[in-house]
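Chain and residue survey
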Amino acid sequence: KRAVDAIWSEYGLKDKNPIIAICPGAKFPAKRWDVGRFAEVASALKKLFDAKILLIGGPGDRGEGEEILKRVGNSIINLIGKTTYMGSSEVISRCDLLISNDCGPAHLAAAVGTPVVGIYSSRNFPGSWRPWGNNHTVLRNDTLSCRFCFRIECETMQCINSITVEQVVEACRKYLKQGK
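Residues numbered from 1 in each chain as written. Predicted model: local features only at pLDDT ≥ 70, side-chain atom pairs only at ≥ 80, totals over all residues. Heavy atoms only, no water.

1. Regarding the overall build of the protein chain
- Broken down by element type, the protein chain carries seven helices and six strands.
- Helices and strands appear in the protein chain in the N-to-C order α-β-α-β-α-β-α-β-α-β-β-α-α.
- Across the 180 residues that make up the protein chain, the buried fraction comes to 51%.
- When contacts within the protein chain are restricted to residue pairs at least 6 apart in sequence, those whose partners lie at least 24 apart make up 63%.
- Total accessible area on the protein chain is roughly 9200 Å²; 50% of this is exposed by carbon and sulfur atoms. (Helix = DSSP H or I, 4+ residues; strand = E, 2+ residues; numbered from the N terminus. Buried < 20%, exposed > 50% of the residue type's maximum accessible area, 1.4 Å probe, protein only. Contact = heavy atoms within 4.5 Å. Areas by Shrake-Rupley, 256 points an atom, 1.4 Å probe, with all protein chains shown as cover.)

Quick look at the structure:
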């Protein structure tokens, strides 16, 4: 908690602005939404809600974080690879919302009571790996003939890339209007 208190103090994070965590990583390439779209979502939420944006993830996600920073600017806080697993859960617990691919932090958020807007490929059956609980929105496209492929990698990434920036921003609205 003290380490996260220090982060909150260093970046002047207060309760008046929504605090949104974004996790652009995922274990399998087929579960990774385009990093440029995460940057667009971050920009839109900053503009619409004057939100503070935190990037979270493991050391293997640093490239995605750097790319988002390059596109959005230093007005977002890049914590990728800078917190422990328990530190990440504390960071997420203090956020109003997590936007994430299908990965561990989505489940951490559910465990600590933070709503999730999940961006999911249709490689698995619906509901197989969603965050536990009812206070989450999972966006996925199950209309494609290639759904339920269980692939780790995909040449087209059609299912996950068919999810739009606008869909993600719209899904975030209900959580940001009511607060945590």
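Structure's up, so let's keep going.
2. Regarding the packing of aromatic side chains
- Evaluated as defined, the whole model comprises one aromatic pair.
- When the ring of Trp 33 is compared with that of Phe 38, the centres are 5.0 Å apart and the planes differ by 85°; the resulting orientation is edge-to-face.
- For Trp 33, a relative accessible area of 2% puts it in the buried group.
- One residue, Arg 94, lies across the ring of Trp 8, its end atom 5.4 Å from the ring centre. (Phe/Tyr/Trp six-rings, centres within 6.5 Å; stacked < 30°, edge-to-face > 60°. Lys NZ or Arg CZ within 6 Å of the ring centre and 35° of its normal.)

3. Here we look at the packing of helix H4 (residues 85-93) against helix H5 (residues 104-112)
- Contact geometry of H4 with H5 gives a least axis separation of 9 Å together with a crossing angle of 60°. With respect to their mutual orientation, H4 and H5 come out oblique. The element H4 and its partner H5 pack so that their crossing is right-handed. Along its contact with H4, which presents Tyr 85, Ser 88, Ser 89, Ile 92 and Ser 93, the element H5 presents Pro 105, Leu 108, Ala 109 and Val 112.
- Among the residues forming the contact of H4 with H5, the class breakdown is six nonpolar, three polar and no charged. (Axes fitted to C-alpha atoms, helices over the stretch in contact; angles between N-to-C directions. Parallel < 35°, antiparallel > 145°, perpendicular 65-115°, else oblique. Left-handed = near helix turned anticlockwise from the far one by under 90°. Nonpolar A, V, L, I, M, F, W, Y, C, P; charged D, E, K, R; others polar.)

4. Let's talk about the packing of helix H2 (residues 35-49) against helix H3 (residues 62-72)
- For the pair H2 and H3, interaxial distance at closest approach is 9 Å and the crossing angle is 50°. Comparing the axis directions of H2 and H3 gives the class oblique. Read as a crossing pair, H2 and H3 show a hand that is right-handed. Taken together, the residues of H3 that come into contact with H2 (itself represented by Val 35, Gly 36, Phe 38, Ala 39, Ala 42, Ser 43 and Lys 46) are Glu 64, Glu 67, Ile 68, Arg 71 and Val 72.
- When the residues that make up the contact of H2 with H3 are grouped by side-chain class, the tally is six nonpolar, two polar and four charged.

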